[in-house]
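A structural walkthrough
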Amino acid sequence: QVQVVESGGGLVQAGGSLRLSCAASGSTVSRSNMGWFRQAPEKEREFVAALSRNDDSTMADSVKGRFTISRDKAKNLLYLQMNNLKPEDTAVYYCAADLSLQSRVRVRGIDYLYWGQGTQVTVSS
C-alpha cells in the first residue's frame, strides 16, 4: 500500500502564491507518473497538472502560465508551485500516483491508483 500525503495549502489573497508538496512512501514520487487534481465545493474533481516518469508534463489550460509541476527525486517530493492565484483556484488539491512502468502524462483521475487526502487552498478576493 502506498501512502500519499499533501501539504502546503492555506489561505492566500488573490495574486499571491503557494507551493504544495506531495510525499509518498518509498521512492514512489521519483519513479512514478504523478498528478495534481482539485475539487471545488459542489464541483467535480478536475485535472490540474501531470508529470510523467520521464519528466514530461502538462497543465490544465486554466492554470497554464501560473502553475508549475516539478519533482525533487532526491527528496522524493512532488511540488505544485501556484502563482498569481485567483479566487476560482479555491479547492481541495489532491496528489495522485500511477505506478505503471510506462512513462505517461496522465490527465484522467481514473488512471491513478493512489491518492492523498487533499490539502485545502483558499484564495480570497
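Definitions and limits used
- Residues numbered from 1 in each chain as written.
- Predicted model: local features only at pLDDT ≥ 70, side-chain atom pairs only at ≥ 80, totals over all residues.
- Heavy atoms only, no water.
- Helix = DSSP H or I, 4+ residues; strand = E, 2+ residues; numbered from the N terminus.
- Buried < 20%, exposed > 50% of the residue type's maximum accessible area, 1.4 Å probe, protein only.
- Pairing = 2+ DSSP bridges.
- Phe/Tyr/Trp six-rings, centres within 6.5 Å; stacked < 30°, edge-to-face > 60°.
- Salt bridge = Lys/Arg side-chain N within 4 Å of Asp/Glu carboxyl O.

In this section: unusual backbone geometry. In this model, Asn 76 sits at a positive phi of 55 degrees, which is unusual for a non-glycine residue. Turning to its location among the elements, Asn 76 is positioned in the loop between strand S7 (67–72) and strand S8 (77–82). On the accessibility criterion, Asn 76 (11% relative accessible area) is buried. With a phi close to 50 degrees, Asn 84 is a non-glycine residue in the positive phi region. Looking at where Asn 84 falls in the secondary structure, it is placed in the loop between S8 and strand S9 (91–98).

Our next topic: the pairing of strand S4 (residues 33–39). Looking down a regular strand, the side chains alternate between one sheet face and the other. Taking burial as the measure, the 7 residues of S4 include 6 buried ones, the bulk of the element. Bridge analysis of S4 against S9 gives 7 bridges, and the strand direction is antiparallel. Among the inter-strand pairings, Gln 39 is bridged to a residue of S9, identified as Val 92. Judged from the 5 bridges that link them, S4 and strand S5 (residues 46–51) form a sheet pairing that is antiparallel.

A few words now on the packing of aromatic side chains. The description of an aromatic ring pair rests on the distance of the ring centres and on the angle between the ring planes. For the structure on display, the rule yields 4 aromatic pairs. Seen from their ring centres, Phe 37 and Tyr 112 are 5.5 Å apart, and the 80 degrees between their planes marks the pair as edge-to-face. Of the two residues, Phe 37 is situated in strand S4 and Tyr 112 in the loop between S9 and strand S10 (114–115); the sequence distance between them amounts to 75 residues. By relative accessible area, Tyr 112 is classed as buried at 5%. Relative to Trp 115, the ring of Tyr 112 has its centre 6.1 Å away and its plane inclined at 70 degrees; by these criteria the two rings are edge-to-face. Of the aromatic side chains, those joined through ring pairs into one cluster are Phe 37, Phe 47, Tyr 112 and Trp 115.

A few words now on the pattern of salt bridges. The full count for this structure, using the stated rule, is 8 salt bridges. Between Arg 38 and Glu 46 there is a salt bridge whose closest N-O contact spans 2.5 Å. Asp 55 is paired through a salt bridge with Lys 73; the nearest N and O atoms lie 3.8 Å apart. Separated by 18 residues along the polypeptide, Asp 55 in the loop between S5 and strand S6 (57–59) and Lys 73 in the loop between S7 and S8 bring together distant segments of the chain. The network of salt bridges with shared partners includes Arg 38, Glu 46, Arg 66 and Asp 89.

Note that all results are geometric; they support no functional claim without further evidence.
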